[in-house]
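The primary structure of each chain is shown beneath.
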Amino acid sequence: MEISRVVEGCPSSSESAGKAEVCKGCPGRMLCQSLGGVDKDQADIDLRMNAVQHKILVVSGKGGVGKSTIAAALANQLATSHKKVGLLDLDICGPSQPLLMGVNGQAVVNTQWGWKPLVSPYTGVKVLSVGSLLASEESSLAFRGPRKTALIKTFVKDVLWGRLDYLIFDTPPGTSDEHLSIVKVLQNAKPDGAIIVTTPQAVAIATVRKEISFCRKMGLRIIGLVENMNGFSCPCCGVSITC
């Protein structure tokens, strides 16, 4: 079955999620059966996210292209422009935002109103990452799809983001459960779109085409494409080398 047909007729937001004829052969069928349909938490999610003016996903086809660094730089730059900014690290298995934003070693406080995000000492950006919930920096998580989805919903629904001008979502590489989950969670909040990060190497460009296709099928507007690491400037002689 062609994936374009599956996505076009995908009933993931209905009661027939994972059960319809079009779902046969879909790798996410079991996930939809367990988590699909009308979400009873959607109203609470919408209440949180409607207080955020702009919601932007930072995505990449390959790992190691500097996606998390770009997400952190974007959040910091917006904050220096006197905007209220939040940064949500959705890379559950490989979180890096605590270190990038200077909040590593700090614990997230769970209040009666929800989790309180950490505040970056650099620009005041609100930051939440699974890396701040682990016992130590050496600890790791091995979650299956449904548990990842539940955690992502918690990050959106049960966190005191407050009123923000921008909320940046740093997603893991590829097109996996995290991407499908966050797109569904934000379906009513209407995210502004996605920024795709790549490098000039052929292996990275090949996967970026798939990322572009995914965004189009999910109805995510592509805000921009960042070609990272496309050159090197020697700090000693100043000579620039283009990759």
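Above this text you will find the structure in question.
The rules behind each value
Residues numbered from 1 in each chain as written. Predicted model: local features only at pLDDT ≥ 70, side-chain atom pairs only at ≥ 80, totals over all residues. Heavy atoms only, no water. Salt bridge = Lys/Arg side-chain N within 4 Å of Asp/Glu carboxyl O. Helix = DSSP H or I, 4+ residues; strand = E, 2+ residues; numbered from the N terminus. Buried < 20%, exposed > 50% of the residue type's maximum accessible area, 1.4 Å probe, protein only. Patch = residues over 30% accessible without salt bridge, like charges linked within 9 Å, V, L, I, M, F, W, Y side chains within 5 Å. Areas by Shrake-Rupley, 256 points an atom, 1.4 Å probe, with all protein chains shown as cover. Pairing = 2+ DSSP bridges.

Novice: Just to check I follow, could you spell out the pattern of salt bridges for this structure?
Specialist: A pair can form between side chains of opposite charge whenever their charged atoms are brought close. Inspection of the entire model under this criterion finds five salt bridges. Across the salt bridge formed by Lys153 and Asp41, the nearest N and O atoms sit 3.2 Å from each other. Taken together, the positions of Lys153 in helix H6 (residues 145-157) and Asp41 in the loop between helix H2 (29-35) and helix H3 (42-49) put the pair 112 residues apart, joining distant regions of the chain. Note that Lys148 is salt-bridged to Glu178, the shortest N-O span being 3.2 Å. Of this pair, Lys148 sits in helix H6 while Glu178 sits in helix H7 (residues 177-185); the two residues are 30 residues apart in sequence, bridging distant segments of the chain. Given the relative accessible area of 13%, Lys148 is considered buried. Glu178 gets classed as buried once you look at its relative accessible area, which sits at 3%. Residues participating in the shared-partner salt-bridge network are Lys40, Asp41 and Lys153.

Novice: Help me understand a nonpolar patch on the surface, please; the structure alone is not making it clear to me.
Specialist: Residues Phe232, Val239 and Ile241 make up a contiguous nonpolar surface patch of roughly 300 Å² in combined accessible area. Position of Val239 relative to the elements: it lies in the loop between strand S10 (231-233) and strand S11 (240-242).

Novice: I would appreciate a short explanation of the pairing of strand S6 (residues 126-129) in the present structure.
Specialist: If a strand is regular, its side chains alternate between the two faces of the sheet. When strand S2 (residues 85-89) meets S6, the two strands line up parallel, connected through four bridges. Within S6, the residue paired with Leu88 across the bridge is Leu128. Pairing of strand S5 (residues 118-119) with S6 involves two bridges; the strand directions are antiparallel. Bridge pairing links Val119 to Lys126 in S6.

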